[in-house]
Amino acid sequence: MSALSPRHLRVLRALSVDCFTSGETLAQRLGCTRATVHNAVRDGMRAGLPVQVVRGRGYRIARPVTWLDAPSLQDALAARGMIGEFHAHLDSTNSHLLARAQAGAPHRTLVCAEWQSDGRGRRGRVWLAGLGTALTFSLLWRSRHAVAGLAGLSLAVGVSLRRALAAQGVRNVMVKWPNDLVVGEAKLAGVLIELSGDMLGPSSAVIGVGINVCAGADLAQRLGRSVTDVSTHLGSVADRGALLLALAEALDDGLAEFEAHGFAAFRAEWESAHAYQGRAVQVCGADARCVAGRAVGVDDYGALMLDTGAEIRRFHAGELSLQGGLD
Ligand code: BTN
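Residues numbered from 1 in each chain as written. Predicted model: local features only at pLDDT ≥ 70, side-chain atom pairs only at ≥ 80, totals over all residues. Heavy atoms only, no water.

**Q** Would you take a moment to explain the overall build of the chain for this structure?
**A** When its secondary structure is counted, the chain shows ten helices and 16 strands. Relative to its length of 327 residues, the chain is compact, with a C-alpha radius of gyration of 21 Å against a globular reference of 20 Å. Burial status across the chain gives 51% buried among its 327 residues. Sequence-distant contacts, at least 24 apart, represent 65% of the contacts inside the chain between residues at least 6 apart. Considering the chain, the positive charge centre built from 34 side chains and the negative charge centre built from 30 side chains are found 6 Å apart. (Helix = DSSP H or I, 4+ residues; strand = E, 2+ residues; numbered from the N terminus. Rg over C-alpha atoms; globule rule 2.2 N^0.38 Å. Buried < 20%, exposed > 50% of the residue type's maximum accessible area, 1.4 Å probe, protein only. Contact = heavy atoms within 4.5 Å. Lys, Arg positive; Asp, Glu negative; His and termini not counted. Charge placed at Lys NZ, Arg CZ, Asp CG, Glu CD.)

**Q** I would appreciate a short explanation of the side chain of D252 in the present structure.
**A** Following the sequence through the fold, D252 ends up in helix α9 (residues 240–261). Here R108 takes part through its side chain, which lies 2.7 Å from a polar atom of the side chain of D252. For D252, the contacting residues outside a window of four places in its chain are R80, M82, R108 and W141. (Polar contact = N/O pair within 3.5 Å; in protein donor to acceptor, adjacent residues only side chain to side chain.)

**Q** Mind showing me how you'd approach the state of the cysteines here?
**A** All told, the structure shown has one disulfide when counted by the stated rule. The residue that forms a disulfide with C284 is C290, at a sulfur-sulfur distance of 2.0 Å. Disulfide C284 to C290: torsion about the S-S bond roughly 110°, handedness right-handed. A residue is classified by how much of its surface remains accessible, and C290, at 38% relative accessible area, is partly exposed. (Disulfide = S-S within 2.5 Å.)

**Q** When you look at the nonpolar core in this model, what are you seeing that I'm missing?
**A** Nonpolar side chains in soluble globular proteins tend to end up buried together. L135, F137, L165, W177, I207, L247 and L251 are the most contacted members of the largest nonpolar core, which has 62 residues in total. With nine residues, α9 is the single largest residue contributor to this core. In this structure L165 touches V170, V173, L181, L188, I211, V230, L243 and L247, once residues within four positions along its chain are discounted. Counting residues in hydrophobic clusters, the runner-up holds 21 residues, among them V11, L49, A88 and W115. (Core = buried A, V, L, I, M, F, W, Y, C linked by side-chain atoms within 4.5 Å.)

**Q** Can you help me understand the sheet that holds strand β13 (residues 290–298) in this one?
**A** For sheets, the rule is that strands pair by backbone hydrogen bonds, running either parallel or antiparallel. As summarised here, the arrangement of the five strands in space is β15-β14-β13-β12-β16, forming an open sheet in which the pairing is antiparallel. For this open sheet the edge positions go to β15 (312–315) and β16 (319–322), each flanked by a neighbour on one side alone. Neighbour to neighbour, the strand axes of the sheet diverge by 45° on average, direction disregarded. (Pairing = 2+ DSSP bridges. Axes fitted to C-alpha atoms, helices over the stretch in contact; angles between N-to-C directions.)

**Q** Can you help me understand unusual backbone geometry in this one?
**A** As a rule of thumb, non-glycine residues mostly have phi less than zero, and peptide bonds are mostly trans rather than cis. Cis geometry marks the peptide bond from W177 to P178; its omega dihedral reads 0°. With respect to the helices, strands and loops of the structure, P178 is situated in the loop between β8 (174–176) and β9 (180–183). Omega for the peptide link from G201 to P202 comes to 0°, which places this bond in the cis form. Checked against the element boundaries, P202 lands in the loop between β10 (186–197) and β11 (203–212). Even without being a glycine, R123 presents a positive backbone phi close to 55°.

**Q** I keep staring at the pattern of salt bridges and nothing clicks. Help me out?
**A** Where charged atoms from two side chains of opposite charge come close, those side chains can pair. A full pass over the atoms with the stated rule returns 19 salt bridges. Among the ionic pairs, E259 bridges to R144, the shortest N-O distance being 3.8 Å. Of this pair, E259 sits in helix α9 while R144 sits in the loop between β7 (134–143) and α6 (153–167), and the two are 115 residues apart along the sequence. Residue classification places E259 among the buried positions, given a relative accessible area of 12%. Residue class for R144 comes out exposed when judged on its relative accessible area of 57%. Of the charged contacts, one joins E271 and R267 as a salt bridge, the two residues approaching to 3.8 Å between their closest N and O atoms. Of the two residues, E271 and R267 both sit in helix α10 (residues 267–272), four residues apart, roughly one turn of that helix. Note on R267: relative accessible area 25%, which makes it partly exposed. Each of the salt bridges in this network shares a partner with another, and the network as a whole consists of R80, R108, D252 and D253. (Salt bridge = Lys/Arg side-chain N within 4 Å of Asp/Glu carboxyl O.)

**Q** Please explain the site of the ligand as it appears in this structure.
**A** With respect to spatial proximity, 20 residues lie near the ligand, and among them S92, Q116, R120, R122 and K187 are the closest. One of the backbone nitrogen or oxygen atoms of R122 is found 2.7 Å away from an oxygen atom of the ligand. In the model, an oxygen atom of the ligand is placed 2.6 Å from a nitrogen or oxygen of the K187 side chain. For the shell around the ligand, the secondary structure elements donating two or more residues are α5 (93–102), β5 (119–120), β7, β10 and β11. (Near = heavy atom within 4 Å.)

**Q** What am I meant to see in the pairing of strand β12 (residues 280–284) here?
**A** In regular strands, side chains alternate between the two faces of the sheet. Pairing between β12 and β13: five bridges, direction antiparallel. The residue of β13 that forms the bridge with A280 is R294. Here β12 hands over to β13 after five residues, with A288 in that stretch at a positive phi of 70°. In the sheet, β12 pairs with β16 via four bridges, with the strands oriented antiparallel. Bridge pairing in β16 places V281 opposite L322.

Here is the structure:
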């Protein structure tokens, strides 16, 4: 996969969605060569940006994109004591921030990539996101608790993100254990948390969030499963910058709440927002062995409680799906 340089991203940001602009005009406007424009468009298309190229007319983006304005986002994050790091392209914001954390990056550092080419999902899966269609970012949270004390963190993160989406006008989002955000059966966002630390604390968490902002239908077709995006549920193209800020702030507030009170403070809200609460489900482990039952809730540590008919079983990890469902 080729890289997307800041120089090429600058060219892509200058493309219009409304009208065609010739390579020559763009090159003049940006003070670069026509070859740079050509190469930027090639890289943008490889990264998933739908650019229309018409001989004699030039280039045009086929779908509206709201680009991230790094300086203003950095200022807004700094105003609440957070550090924002914005990149044109990273393989994975989690991988990048894990390395930065090991090298001493400060608490509440947020790393965001305009395009993430090798996003990692839970259980070794990949996380796909085309340029301009998603938000992919990671937040470093240094906790005074030991790793064991962070049980339930991923569920608290889901609740925090859902709060931010509701405040932005996306109100029908539910959580799905352990930490997906869904609308109906369609996945809207995923969270990957990577922990490190000692048995007795302190610890640190790199909290990676991927959220589909637009073009969910294209992604669903590519993945062959149900996926949705924020813009569909807003009824208009979501402003990725405003959304990122809202998500980062809600996450930051939620993490402070979790640090002080643990998952118990989120539990009732989480249960009321669980897409599968009270439903017939199955939980499958890494060995693909599945247990069926009714999802009756979660405990104060975020473990899923499953009523199997014979007993209430608790699961700290696994893959949840509806019995007879597709997912
Ligand atoms: C999942 O649902 O499997 C979790 C997906 C998490 C994806 C995000 S995107 C930003 C961060 N960087 C990564 O490489 N992964 C997470």
